[in-house]
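# Understanding the architecture of this molecule
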Amino acid sequence: RVGLIKYDMLTVSGLDRIHQCLNYMLESKAIEWEGSLRETYKRYLDPHVLDYKTPEMWEMAAAGKISSLFQFDTLVGGQSIKKVKPTSLTQLAIANSVMRLMSDGDQPIDIYVRQKTCPQIWYDDMRDNGLNDSEIQTLEIYLKEKDGVADSQEVVMQLSMDPHISNFDMSEANKLRKVIAKKKFDEIEQVKKLFYDKGHTAGTRDELLNYVWNKQISLSMGYSFSTIHTTGYSLIAVQEMNLAYHYPI
């Protein structure tokens, strides 16, 4: 059986630009034809051969010097990459996620940048919300490498499934993910009640439940990506960064 096939037209458009760029480079002898498009791609743009480390390349991206950087070529995207100044694929993917989150107060991208620049701000915020050492250590498992911001659907699921938070099973965590991903606002109160009820059953203090729900999960209520989605998107951007930095612009 074959279900419906979903095409991500943004990705197709980005890959089309990369394909055209390869054509121009072949015409100008900047690269060599390897007998097929697949082999040529593998030699120059396969994820295993990309440059992920050159600081000047990342600085070029953060300064807005790449005119068509996938997902960061909009006003919001351009502002976000300048604020975050990523230096790795992981940080680029986080920026790709966090710039889509929304809040009634400080915007998540600004919270992330502050905490990335000064991690102590995140720890002070947790303390200000009444969390103890043990609870902070629990959150570090999922949020430390994210600089204190739950950037993706997967992190939201992991937080809800932790036995020291709300101890959701996989189906309950997936329901929470769907409510967020599909913007099912009529079901938010239902899943919120489940989150608190199961948390209380697990012996979790209200301080931790309030922090996770209000400070982390709520950021994803307006829009939330999956890690797989943003990492794939960001990898295309890194391919474009490689082309812009290593070859004549």
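Up top is the structure.
Residues numbered from 1 in each chain as written. Predicted model: local features only at pLDDT ≥ 70, side-chain atom pairs only at ≥ 80, totals over all residues. Heavy atoms only, no water.

This part is about the nonpolar core. Core analysis: the largest hydrophobic core is formed by 38 residues, its most contacted members being Leu-69 and Met-241. Of all the elements in the fold, those that place two or more residues in this core are helix 1 (9-27), helix 3 (55-62), helix 4 (75-84), helix 5 (89-98), helix 6 (108-117) and helix 13 (227-246). Looking at which element gives the most residues to this core, the answer is helix 13, with seven residues. Not counting the four nearest positions on each side in its chain, Leu-69 is found in contact with Ala-61, Ile-81, Ala-237, Glu-240 and Met-241. Of all hydrophobic cores here, the second largest spans 30 residues; its members include Ile-136, Tyr-211, Trp-213 and Met-221. (Core = buried A, V, L, I, M, F, W, Y, C linked by side-chain atoms within 4.5 Å. Buried < 20%, exposed > 50% of the residue type's maximum accessible area, 1.4 Å probe, protein only. Helix = DSSP H or I, 4+ residues; strand = E, 2+ residues; numbered from the N terminus. Contact = heavy atoms within 4.5 Å.)

When two helices pack together, their arrangement is given by the angle between their axes and by how far apart the axes lie. For the pair helix 7 (residues 120-128) and helix 8 (residues 133-143), the least separation of the axes is 11 Å and the interaxial angle reads 135°. With respect to helix 8, the axis of helix 7 lies oblique. Remark: the crossing between helix 7 and helix 8 carries right-handed chirality. Of helix 8, the residues touching helix 7 (which contributes Trp-122, Tyr-123, Met-126 and Arg-127) are Asp-133, Ile-136, Leu-139, Glu-140 and Leu-143. (Axes fitted to C-alpha atoms, helices over the stretch in contact; angles between N-to-C directions. Parallel < 35°, antiparallel > 145°, perpendicular 65-115°, else oblique. Left-handed = near helix turned anticlockwise from the far one by under 90°.)

According to the stated counting rule, one finds 12 salt bridges in the structure shown. A salt bridge links Arg-205 to Glu-135, with the shortest nitrogen-to-oxygen separation between them at 2.8 Å. Residue Arg-205 is located in the loop between helix 11 (188-201) and helix 12 (206-216), and its partner Glu-135 is located in helix 8; the two are separated by 70 residues in the primary sequence. The network of salt bridges with shared partners includes Glu-32, Glu-34 and Arg-43. (Salt bridge = Lys/Arg side-chain N within 4 Å of Asp/Glu carboxyl O.)

With that out of the way, let us pick up helix 5. Burial of helix 5 is extensive: seven of the 10 residues sit out of reach of the surface. Along helix 5, the positions that sit buried rather than exposed are Leu-92, Ala-93, Ile-94, Ala-95, Asn-96, Ser-97 and Val-98.

For the rest of this paragraph, the subject is the environment of Gln-20. Among the secondary structure elements, Gln-20 is positioned in helix 1. Relative accessible area serves as the criterion here: at 35%, Gln-20 is assigned to the partly exposed category. Separated by 214 residues in sequence, Gln-20 and Ser-234 have C-alpha atoms that sit 19 Å apart.

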